[in-house]
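# Structural features, examined
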Amino acid sequence: MVFTLVSGIVTVIGGLYVLYSYGRDLPDYKQLADYEPPVVSRVYAGDGSLIKEYAREKRLFVPISAIPPKVIQAFISAEDQNFYSHIGIDFKGLFRAVLVNVKNVITGRRPVGASTITQQVAKNFLLSGEVRLERKIKEAILSYRIEQTFTKDQILELYLNEIYLGQNSYGVAAAALNYFGKSLDELDVEEIAYLAAVPKGPSNYHPVRHYNAAIGRRNWVLGRMAIEGYISENEKDEAVKKPLVAVESGQARTFQADYFAEDVRRELKESFGDEELYGGGLAVRTSLSPRLQTIAERELKNGLVVYDRRHGWKGPLDKMDLFSAPFEEWKKSFLEISTPLGIDSWEIAVVLDVDDQKATIATQKSIHDAATYERLPLETISLDEVSWARKWLPEERRGPAVKSVTEVLSQGDIIAVEKIDPSKAETTTISNGTAYGLRQIPEVNGALVALDPHTGRVLAMVGGYDFKRSEYNRATQAKRQPGSAFKPFVYSVALDNGFTPSSLVLDAPFVIDQGFGNGKWKPRNSSNKYYGPSTLRLGIEKSRNLMTVRLAQNLKMDRIVEVADRFNITHNMPDLLSMSLGAGETTLLRLTAAYGMIVNGGKKIEPTLIDRIQDRHGVTIYKHDQRQCDGCIVDKWDYQQEPVLPDVRDRVLDQVTAYQLVSMMEGVVQRGTGIRIKVLNRPLAGKTGTTDESFDTWFVGFSPDLVVGVFVGFDRPRSLGDGEEGASTAVPIFRDFMAGALHDEKPIPFRVPEGVRLVRVDPVSGQLASAETKNTILEAFRQGTFPNKEEQVLDGFNSLVQTKTKLRTGTGGIY
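Residues numbered from 1 in each chain as written. Predicted model: local features only at pLDDT ≥ 70, side-chain atom pairs only at ≥ 80, totals over all residues. Heavy atoms only, no water.

Most often, soluble globular proteins keep nonpolar side chains buried together rather than apart. Phe260, Phe489, Tyr491, Leu536, Phe567, Tyr595 and Phe702 are the most contacted members of the largest nonpolar core, which totals 85 residues. Among residues more than four places away in sequence, those in contact with Phe567 are Phe489, Ala594, Met597, Ile598, Val652 and Leu653. (Core = buried A, V, L, I, M, F, W, Y, C linked by side-chain atoms within 4.5 Å. Buried < 20%, exposed > 50% of the residue type's maximum accessible area, 1.4 Å probe, protein only. Contact = heavy atoms within 4.5 Å.)

A separate point is the packing of aromatic side chains. Inspection of every chain in the model, using the stated rule, returns 21 aromatic pairs. Geometrically, the ring pair formed by Tyr259 and Phe467 is edge-to-face, given 5.1 Å between the ring centres and 85 degrees between the ring planes. Of the two residues, Tyr259 is situated in helix α11 (residues 258-279) and Phe467 in the loop between β15 (458-462) and α15 (487-496); the sequence distance between them amounts to 208 residues. Aromatic rings pair up to connect Phe486, Phe489, Phe567, Tyr595, Phe702 and Phe750 into one cluster. The ring of Tyr465 carries the charged tip of Lys301 above its face, separated from the ring centre by 6.0 Å. Here Arg718 stacks its cationic end above the ring of Phe714, 3.8 Å away from the centre of that ring. (Phe/Tyr/Trp six-rings, centres within 6.5 Å; stacked < 30°, edge-to-face > 60°. Helix = DSSP H or I, 4+ residues; strand = E, 2+ residues; numbered from the N terminus. Lys NZ or Arg CZ within 6 Å of the ring centre and 35° of its normal.)

What follows covers the sheet that holds strand β24 (residues 706-713). Read from one edge of the open sheet, five strands run β15-β14-β24-β23-β22, paired in antiparallel fashion. A single partner strand is all that each edge strand has here, and the edge strands are β15 and β22 (685-690). In this sheet, neighbouring strand axes are inclined to one another by 5 degrees on average, regardless of whether the strands run parallel or antiparallel. Where strand β23 (residues 696-703) lies against β24, eight bridges are found, and the strand directions are antiparallel. Counterpart to Gly701 in the pairing with β24 is Val708. (Pairing = 2+ DSSP bridges. Axes fitted to C-alpha atoms, helices over the stretch in contact; angles between N-to-C directions.)

Right, let's get into unusual backbone geometry. Notably, Gln167 is not glycine yet its phi reads approximately 55 degrees, a positive angle. Mapped onto the secondary structure, Gln167 falls in the loop between α6 (152-162) and β4 (169-170). For Gln167, a relative accessible area of 31% translates into the label partly exposed. A positive phi is found at Asn775, a non-glycine position, where the angle reads about 55 degrees. Here Asn775 lies in the loop between β25 (756-761) and β26 (777-782).

Attention now goes to the pairing of strand β8 (residues 358-363). For β8, the buried fraction is high: five of the six residues fall into the buried class. The pairing of strand β7 (residues 346-354) with β8 spans five bridges and is antiparallel. Note on β8: the bridge partner recorded for Val351 is Ile361. The turn linking β7 back onto β8 is made up of three residues. Where β8 and strand β9 (residues 379-382) come together, four bridges link them in antiparallel fashion. Following the sheet pairing, Ile361 is matched in β9 by Glu379.

Further remarks concern the packing of helix α2 (residues 69-79) against helix α8 (residues 189-197). Between two packed helices, the angle of one axis relative to the other and the distance separating the axes together describe the packing. Two elements in contact, α2 and α8, have axes separated by 9 Å at closest approach and are oriented at 40 degrees. Our classification of the angle between α2 and α8 gives oblique. Taken as a pair, α2 and α8 cross one another with a handedness that is right-handed. Counted together, Lys70, Val71, Ala74, Phe75, Ala78 and Glu79 of α2 and Ile192, Leu195 and Ala196 of α8 form the full contact between these two elements. When its residues are assigned to classes, the contact of α2 with α8 shows seven nonpolar, no polar and two charged. (Parallel < 35°, antiparallel > 145°, perpendicular 65-115°, else oblique. Left-handed = near helix turned anticlockwise from the far one by under 90°. Nonpolar A, V, L, I, M, F, W, Y, C, P; charged D, E, K, R; others polar.)

Moving on to the side chain of Gln660. Tracing the sequence through the fold places Gln660 in helix α20 (residues 655-671). Classification of Gln660 by relative accessible area gives buried; the value is 2%. At 3.1 Å, the side chain of Gln660 forms a polar contact with the backbone oxygen of Ala780. Contact partners of Gln660, with chain neighbours within four places excluded, come to Leu495, Pro501, Ala780, Phe781 and Arg782. (Polar contact = N/O pair within 3.5 Å; in protein donor to acceptor, adjacent residues only side chain to side chain.)

Looking now at the state of the cysteines. For the structure on display, the rule yields one disulfide. Cys629 shares a disulfide with Cys632; S-S distance 1.6 Å. For the disulfide bridge between Cys629 and Cys632, the dihedral angle about the S-S bond is near 70 degrees, and by the sign convention the bridge is right-handed. Using a relative accessible area of 23% as the deciding quantity, one classes Cys629 as partly exposed. Look at Cys632 and you get partly exposed, because its relative accessible area is 43%. (Disulfide = S-S within 2.5 Å.)

As structure tokens, then:
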């Protein structure tokens, strides 16, 4: 009796000592009340589509009130059946685990754990993961204290948002998206059970690599849920029969726009830093239009491929020796080739055999599926499908016409191919088997930007042929010469200083001495011809260099330097006459935004990618549109007028001048260098740009509510080849983009501002049209003026009497 009493006292004292000893320097568990874990930042398109996530730990915090009961029940069934009744330590479960582990030690099996959900919270948040008795004692003490401080729901919220569930998924919400591409409330019971099965060992229950183990563990969780009464036996039996179908990694993302997203990432990093970007849970709403982005990527790639095919075949991607090793060996090497091709329908293939009329090939898919060489399916490329592949020669020239497939391909060539529809094949005789066309990754590159000219919101951005091949964004990072695409801004200075679209400027040879040792500068038109006195409109429509230089010399270059700065095209531009022909450097995004300021009536815009940013609590911390709206927030609608938002944009160009430029650039599409766009039969305008020797080619154009810029050129500048210019490279891309972008929209005419008078004139002479004049156009003049037959010609040199068009006061109306 005394011994028992003494033993009891010693045990109590020992227990108290252990609690005191291990409980003194424990972490402050009360900090869990302010739990803000690293949370994934998400970038959304303008329509709400998810386009990118940034996180070191991919976690989406979900409050316990938003977690479906079935998810909670599944984890309790799998991890802690007595969660709602224990005090942080489950003594029943602990005793049961001791008995099981005694048996496991005898049989050589792995011991089982007995940690409660509360203990896991204590370990994950406050302690290390080392397996030591000291850590288990501290864990038990902390678990008890946590249970005394927090509610069961608070503990579950911490647990379900912190637990690691494999595939870089932290918390149940991230795991639901990563494994199944669903939100928590969309999960089926068998999918919920799988998530609850994963904490036991994420790598051991991978849904693909360890499918059988994953199914077994999932079904065990379903059984536990049935035992606990959370689902019926029938529900369990139905769920057990279903396969485990997980999405591929990254497949849950609904839309990709890599160049756009990378520019957004850079902007976020600069503004908020790495910690906030990768763990702050930012919700970023961007300006991107997925529909326009899809069209932009497709048409830019198509345009670059079309150009590339015009200039010949540069050879295979690689070459391999097929028959020096067994099929299984070279099969493995071939399947490891992962060259990004840029277009989803293209495939990597190897040439197995070749003769004059065809090449026999095998794609990676067919080789992957074939057990032996003899079982490869018949896949061929006909002579007609390689007829474009004349040998590439320096200076973008081509060799002679292809007369045999052997001139292009040889055995062992690794090439890009695309399956072709027999009904659309170039050849009229398709052999049995699958027909393919030969493809080539273009060396040339380019960019396309589309934005709203009224707000500057970037609706689409493609910075190159393929982001996987090059992350360099040619829309925002590449500074290139705009060439003739800069001319409208020279003409804007003229229109602001007394010239009209009908003013005549001499198109004739121009020579200027550049100073001692620099020789003479002799600009020329691209046609190498001279056209005599021509209207400003013709100068824009036909892109006349000599007229532009004369105009710039008369206006003085300091005015043109100022307008380039005002439109944010380029800053500190040298005041050299060559700058008037676009010899300064700018980016596609800047130039496109500058054109937007013309079509919007002369109002300043800044191109922007981000509309709004919210922090993890839903508080807006950035908004691009800073205008105040009085009357927007009301309790109810009481038949009051809609509130009017103030226009706070600065004016950078007179609205009449802006419309005159729009009208003149509409002529570029109707009669000038952009005439290939005319087929769309809708109000469109713009300007081509081509630099010396065709190093850089451009087209920037617009409809009344959409402005689009296209650039095409080599990354290491060199000539695109004889005859290549903005009209042949960039214009078709712009045309095809606009055809898709405006397909379902009713044509809208360009808006005519107050102060503009439309007068019918002869498009060649610029003079008032008579009854006998053919092919007249409506020319835009400032109110109260129209041309007089006493028109003077600007020769670019001396007297003031020759610098401006004589005007006559009119009486209004259209002539």
